[in-house]
Amino acid sequence: MSAFKRVLLKLSGEWFSGVNEKGFDKSTFEKVVETVKDTSETQLAIVLGGGNIFRGKELNILNIDQVSADYIGMLSTIMNGIALSNFLQNQGCENSLFSSFAIGNFVKAYSAEEAKKSLNQRKTVLLVGGLGNPLFTTDSTASVRAVELNADIMLKATNVDGVFSKDPKTNPSAKKYDTLSFDTAINKNLKVMDQTSLCFCRDSGLNVRVFDADKKNALISAIKGKEIGTLVHN
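Let me begin by describing the structure that accompanies this report. Bear in mind the structure is a predicted one, so any value in this text is a computation, not a measurement. (Residues numbered from 1 in each chain as written. Predicted model: local features only at pLDDT ≥ 70, side-chain atom pairs only at ≥ 80, totals over all residues. Heavy atoms only, no water.)

1. Here we look at helix α7 (residues 195-204)
Count 3.6 residues to each turn of an α-helix, and residues three or four apart come out pointing the same way. Formally: The rule is simple: take the accessible area with a 1.4 Å probe, protein chains only, and divide by the maximum for that residue type; under 20% is buried, over 50% is exposed, in between is partly exposed. To qualify as a helix, a DSSP run of H or I must reach at least 4 residues; to qualify as a strand, a run of E must reach at least 2; elements of each kind are numbered from the N terminus. Note that the arc is computed from the directions linking the helix axis to the C-beta atoms. The contact criterion used throughout is that any non-hydrogen atoms of two residues lie within 4.5 Å.
Every buried residue belonging to α7 is among Ser197, Leu198 and Cys201, and all of these are buried. Buried residues along α7 cover an arc of 100° about the axis, so they all sit on one side. In this structure, the buried side of α7 is in contact with α5 (138-148), β6 (153-158), α6 (182-187) and β10 (208-212). Gly205 occupies a position one or two residues after α7 and carries a positive phi of about 70°.

In C-alpha cells:
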C-alpha cells in the first residue's frame, strides 16, 4: 500500500541511456513499466529530462547561445516522451503525454486540468518540453508541475543514493543525509537541485526525496513511501 495518492517523479535523460553513453537502454524502459504496474494504486506523473539525447555544453564549441541550446534541450525531452509513451502503451500501460507546447497533432499541449483528469483515470502522465521557457531546468519543471498537480511528494531519481555533504564519488568521507531541511540545502549549496527549485519547493511546502534510481526496486520503493535516499523537507 502506498503512502501517497499522487506522486511526481523526475527522471533524468541520462538515466534512460543506461550503460550507453547516448540514446536509450531497453532495461531502463522496462524498469519504468515494472514500476508503473507495481504501483498502480498511486497516481503517477513523470517529468522527463533529455540529457541522453542532447546536453547544452555540446553546443559551446559552436558558440550557440544558452537560449537556443535550451530550446534544443526541450525538444530532446519530447523525443524521450514519445519513445516512453509508445513503449508503455505497447506493454499495456495506459498513459497521457503532455508537452509544455504542442507538437503538431501528436503531442498535446500541457494543461493541469487535462493532466489531473488523466491521473484520476489511472493513466501515467508523462510531462515533457520543460516549462516551455529557456533558462529553467527540468528540476524547476518538476517542482512547478508537482505543485500544479497537487502531488503529495516530488521524487528525484539520480545516480547517487541521496544527498551528501560533498561529492561521494571524489570524497570518501562525504556524509550522507537521511533527512535535510531546504534551508540547510540552500545555505550549504548542496547539489540537490538548482537553488530556484529548492526555494520553490520550500515555499510551496513540497517535500522532495532524492535517491539512486539504479538500486534494486528503488523507483517502486520511493513511490510506496519507503525511507530510501534523502528526504528534503521544511
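2. Points about the nonpolar core
The nonpolar side chains of a soluble globular protein tend to be buried with one another. Note the following rule: Here the nonpolar core consists of buried residues drawn from Ala, Val, Leu, Ile, Met, Phe, Trp, Tyr and Cys, with membership extended through side-chain atoms lying within 4.5 Å.
Core analysis: the biggest nonpolar cluster contains 33 residues, and Leu9, Leu11 and Val32 have the highest contact counts within it. Elements supplying a minimum of two residues to this core: β1 (6-11), α1 (13-16), α2 (26-38), β2 (43-48), α3 (66-90), β5 (124-128), β6 and α8 (218-223). Once residues lying within four places of it in the same chain are set aside, the contact partners of Leu11 are Phe16, Val32, Ile46, Val47, Leu48, Gly49, Ala157 and Leu219. Tyr110, Leu119, Met154 and Leu190 belong to the second largest nonpolar core, which has 29 residues in total.

3. Quick look at unusual backbone geometry
Phi at Asn63 takes a positive value of approximately 60°, unusual for a residue other than glycine. Assignment of secondary structure puts Asn63 in the loop between β2 and α3.

4. As for the sheet that holds strand β11 (residues 230-233)
The criterion, for reference: Two strands are counted as paired when DSSP detects at least two bridges linking them.
Taken together, the nine strands give an open sheet; going across it, the order is β4-β3-β5-β2-β1-β6-β10-β11-β9, and neighbouring strands pair in mixed fashion. Looking at strand neighbours, the two that pair on one side only are β4 (108-109) and β9 (179-181), the edges of this open sheet. Here β9 pairs with β11 via three bridges, running parallel. Bridging from a neighbouring strand, Leu180 pairs with Val232 of β11.

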